[in-house]
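Single-letter residue listing:
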Amino acid sequence: MQKKISFFIFLLLTCIHLYSQTCTALGQNPSTAFPVCGVDTFSQSTVPYCGNKLVPTPCNDNTPYADKNPFWYKFTCFTSGTLAFVITPNNLSDDYDWQLFDVTGRNPNDVYTDASLFVACNWSAVPGKTGTSSSGRSLVNCAGFSYPAFSSMPLLQQGKDYLLLISHFTDAPNGYSLSFGGGSASITDTTKPALQSALASCDGSTITLKLNKRMKCKTLAPDGSDFIITPPTASVIQSVTGFGCSAGFDMDSLLITLTQPLPPGNYSLAVQNGTDANTLLDNCNANIPVGDSVPFTVYAIQPTPMDSLYPVACAPDTLYLVFRNNIRCSSVDADGSDFFVTGTNGVTIKGAGADCANGLSNVIKVWFTQPIQTAGAYQIALKIGNDGNSIVDECAQETPAIYSLPFITVDTVSAAFNYSVGLGCVYDTFTYTHDGRNNVDGWNWTFDIDGTSTARDSLFLFTTYGTKNIRLQVSNGVCTDTSSVNILLDNELKAAFTTAPPSLELCPEDAAVFKDTSIGKIISWWWQFGDGTASTLQNPSPKNYPSAPTRDGRIYPVTLITQNDIGCYDTAVTQLKVLYTCYIAVPTGFTPNGDGLNDYLYPVNAYKADNLEFRIYNRLGQVIFETKDWTRKWDGNINGNPQPSGVYVWTLTYTHHDTGKKYALKETTVLIR
């Protein structure tokens, strides 16, 4: 089976294949994923050989699952619902695989180690198109040809971030296209792009611009012609650089460098069409309107105070301190001694630093020795560090050690839940409850592909069977947690049986054979043969019926009632026709007058005629009718034209089904009008 090889062989092969190497192109690693939008089709003309880093899946088949020749795509859910997408290989004989991850609040590279980030996958060996659709039956399709190419549509949650891995199992550079559509979720950000804020450096030589959403790096004109400053001064824009554009596709901040510092005062930064003939475009190709602007102020040089904190995360082990002006990274003591924390519980600072550009940053990170996992009230304050100073801004002004900022933490939460399963005859009842500890106020249940709920405690009715994945995500507004279980609903009961002959038309000299094909944990069978007799065997003995009293035959309703181990019943009924006779004969005359009596010429009762051929000839020896289906009858017409009365010759050849004897007959029949 494709892809189903031992782990040892897999490692050996990946060590010698050319594609077993580190992926370096943008988009081929989780941290550099392509940003995508639900309204576009994304095309990848070629797929470089690289990758083969293992990713965790729910498949327990000893198959190694890896990001072979990968590309990664990132998106956010803006409206909860189902996600439908299609991956179409440029060569439909290629095998593409994929897996979807929930990376909300996580390092993208956690997809390689954390199995809880899994959402859905399809690693089927079936080549051609793959993805999710309403026809999919499972969120998990593992390796091999027995799995379908399309999975069921996963449920996305509003506000969550997702990563989609597309892995090219076929060793060929052929590309593919990725398109979204057909589900109820929206991954298209309808927020109109705009400028959010601008912050001038303390000396007025640069401006840091914050956008309200991520924009495409390639739509930024490097010469700064996308922007204009008012009121005009002797200083003009010299260049502009997007933060993160050297290692990614989009940005939400950029640095504007001026030809000379702006004097203190109030200004406005506005958008215009640049030399590239556009303003900035978001990932859905919506543009910032020309004329959109934000104010900013260049202050007289003075020390930079502590301004604010990023929102404090769940179980924080890091605080992000925001300053009005850029701080010199060299002034931040790496051991964190520039800061101290007081509050509900003791907190020890382990270190401090910043993500610096040109040695500057307006955000300083402060690390703790361990995360704060309980609710409390705290404040972080500035002090003189072991380096002999507090912090110093880009204009060489030291911030006095008199500033502090308060922050609040909340308790962490657990999504562990209790449940019970009640197996039933019509539906199965899944009863669930969560304890709600630590101020949990949000519950999102996913019952495999069957439904969802936001109740804390309730029940869900399953009307289908098999393995069901139950997933709960809880939140108290800051902290979230996810838990899941698999339950097996193996109480399906379906009565069914086959008959011989399969045509359900029984010759009087033959015995009917009934074979049970029911599904379920069956403990009893009750057969009723329609003639007043019955059996409790799983497969009853062959059954003989009396000859039918008339040529129309006689119908016997054959019924099978099954019972399973939990007391449920199901019934299957088949109408068996016992024939009057199976003696093959051809009438010596017929009257095609439409009275319902002897209107056709054909080999009557040819139930046991194999390889039958029946032909009718006119008086000139011409074949005017022939068939290999004995139920196809001659009505005395040719092309709708009635043939004259008289004698017609016919031939009949066949092999008797029971004896194997071959017959070749030739006689005449009189057509009477």
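Since the structure is predicted, the reported quantities are computational estimates derived from the model, not experimental observations.

A closer look at the overall build of the protein chain
(1) Moving on: When helices and strands are tallied, the protein chain shows 1 helix and 53 strands.
(2) Moving on: In terms of overall size, the protein chain is more extended than a compact globule, its C-alpha atoms giving a radius of gyration of 39 Å where 673 residues would be expected to give roughly 26 Å.
(3) Moving on: Based on the C-alpha atoms only, the size of the protein chain along its principal axes is roughly 120 × 60 × 50 Å.
(4) Moving on: Counting the 673 residues in the protein chain, one finds 47% classified as buried.
(5) Moving on: Considering only intrachain contacts with a sequence separation of at least 6, the fraction spanning at least 24 residues in the protein chain is 65%.
(6) Moving on: When the accessible surface of the protein chain is split by element, carbon and sulfur atoms take 52% of a total near 31900 Å².
(7) Moving on: Computed over 41 positive and 57 negative side-chain charges, the separation of the two mean positions in the protein chain equals 10 Å.

Details of the sheet that holds strand β20 (residues 250–258)
(1) Moving on: Ordered by their spatial adjacency, 4 strands build an open sheet running β16-β17-β20-β19, and the pairing between neighbours is antiparallel. Because the sheet does not close on itself, it has two edges, and the strands there are β16 (195–200) and β19 (237–242). Put simply, the sheet's adjacent strands are angled 20 degrees from each other on average, direction ignored.
(2) Moving on: In this structure, strand β17 (residues 206–216) lies alongside β20, joined through 7 bridges in antiparallel fashion. In the strand pairing of β20, Thr-206 is matched with Thr-257.

A few points about the pattern of salt bridges
(1) Moving on: Across all of its chains, the model carries 22 salt bridges by this definition.
(2) Moving on: With its nearest N and O atoms 3.5 Å apart, the salt bridge here joins Lys-74 to Asp-250. Taken together, the residues span a long stretch of sequence, with Lys-74 in strand β5 (residues 70–76) and Asp-250 in strand β20 at a distance of 176 residues.
(3) Moving on: Given a relative accessible area of 28%, Lys-74 falls into the partly exposed group.
(4) Moving on: Of the charged contacts, one joins Asp-102 and Lys-160 as a salt bridge, the two residues approaching to 3.3 Å between their closest N and O atoms. Of this pair, Asp-102 sits in strand β8 (residues 96–102) while Lys-160 sits in the loop between β13 (155–156) and β14 (161–168), and the two are 58 residues apart along the sequence.
(5) Moving on: Given the relative accessible area of 8%, Lys-160 is considered buried.
(6) Moving on: Through salt bridges with shared partners, one network takes in Lys-74, Lys-210, Arg-214, Asp-250 and Asp-252.

Observations regarding unusual backbone geometry
(1) Moving on: Cis geometry is found at the peptide bond from Thr-230 to Pro-231, where omega equals -5 degrees.
(2) Moving on: For Pro-231, the location among the structural elements is in the loop between β18 (227–230) and β19.
(3) Moving on: With an omega of 10 degrees, the peptide bond running from Ala-500 to Pro-501 counts as cis.
(4) Moving on: Tracing the backbone shows Pro-501 in the loop between β39 (497–500) and β40 (505–506).
(5) Moving on: The residue Asn-69 is not glycine, and still its phi comes out positive at about 50 degrees.
(6) Moving on: Locating Asn-69 in the fold gives a position in the loop between β4 (66–68) and β5.
(7) Moving on: Asn-69 sits in the buried class, given a relative accessible area of 1%.
(8) Moving on: The phi torsion at Asn-438 lies on the positive side, around 60 degrees, for a residue other than glycine.
(9) Moving on: Tracing the backbone shows Asn-438 in the loop between β33 (428–433) and β34 (442–447).
(10) Moving on: Classification of Asn-438 by relative accessible area gives partly exposed; the value is 28%.

Section: the packing of aromatic side chains
(1) Moving on: This model, assessed by the stated rule, comprises 36 aromatic pairs.
(2) Moving on: With a centroid separation of 6.0 Å and 75 degrees between ring planes, the pair formed by Trp-72 and Tyr-112 is classed as edge-to-face. In this pair, Trp-72 sits in strand β5 while Tyr-112 sits in the loop between β8 and β9 (118–124), placing the two residues 40 residues apart along the sequence.
(3) Moving on: Among the residues examined, Trp-72 registers a relative accessible area of 0% and is labelled buried.
(4) Moving on: Looking at Tyr-112, the relative accessible area reads 12%, which means it is buried.
(5) Moving on: A ring pair is formed by Phe-497 and Phe-514, whose centres lie 6.2 Å apart and whose planes are at 80 degrees; its orientation type is edge-to-face.

Quick look at the confidence of the model for the protein chain
(1) Moving on: When the pLDDT values of the protein chain are averaged, the result is 92; 97% of them are 70 or greater.
(2) Moving on: Low pLDDT, under 50, characterises residues 1–19; the predicted model gives this stretch 42 contacts beyond four residues in sequence or across chains.

Points about the sheet that holds strand β7 (residues 85–89)
(1) Moving on: Across the sheet, 5 strands lie side by side as β2-β15-β7-β10-β12; this open sheet has mixed pairing. Every other strand in the sheet has two partners, leaving β2 (41–46) and β12 (150–151) as the edge strands with one partner each.

Digging into the environment of Tyr-556
(1) Moving on: Mapping Tyr-556 onto the fold places it in strand β45 (residues 554–564).
(2) Moving on: For Tyr-556, a relative accessible area of 3% translates into the label buried.
(3) Moving on: Considering only alpha carbons, one finds Tyr-556 and Gln-528, 28 residues apart in sequence, at a separation of 9.8 Å.
(4) Moving on: Those residues within four positions of Tyr-556 in sequence are excluded, and the remaining contacts are Phe-529, Gly-530, Asp-531, Tyr-545, Pro-546, Thr-574, Gln-575, Leu-576 and Val-578.

Conventions adopted
- Residues numbered from 1 in each chain as written.
- Predicted model: local features only at pLDDT ≥ 70, side-chain atom pairs only at ≥ 80, totals over all residues.
- Heavy atoms only, no water.
- Helix = DSSP H or I, 4+ residues; strand = E, 2+ residues; numbered from the N terminus.
- Rg over C-alpha atoms; globule rule 2.2 N^0.38 Å.
- Buried < 20%, exposed > 50% of the residue type's maximum accessible area, 1.4 Å probe, protein only.
- Contact = heavy atoms within 4.5 Å.
- Areas by Shrake-Rupley, 256 points an atom, 1.4 Å probe, with all protein chains shown as cover.
- Lys, Arg positive; Asp, Glu negative; His and termini not counted.
- Charge placed at Lys NZ, Arg CZ, Asp CG, Glu CD.
- Pairing = 2+ DSSP bridges.
- Axes fitted to C-alpha atoms, helices over the stretch in contact; angles between N-to-C directions.
- Salt bridge = Lys/Arg side-chain N within 4 Å of Asp/Glu carboxyl O.
- Phe/Tyr/Trp six-rings, centres within 6.5 Å; stacked < 30°, edge-to-face > 60°.
- pLDDT = per-residue confidence, 0-100.

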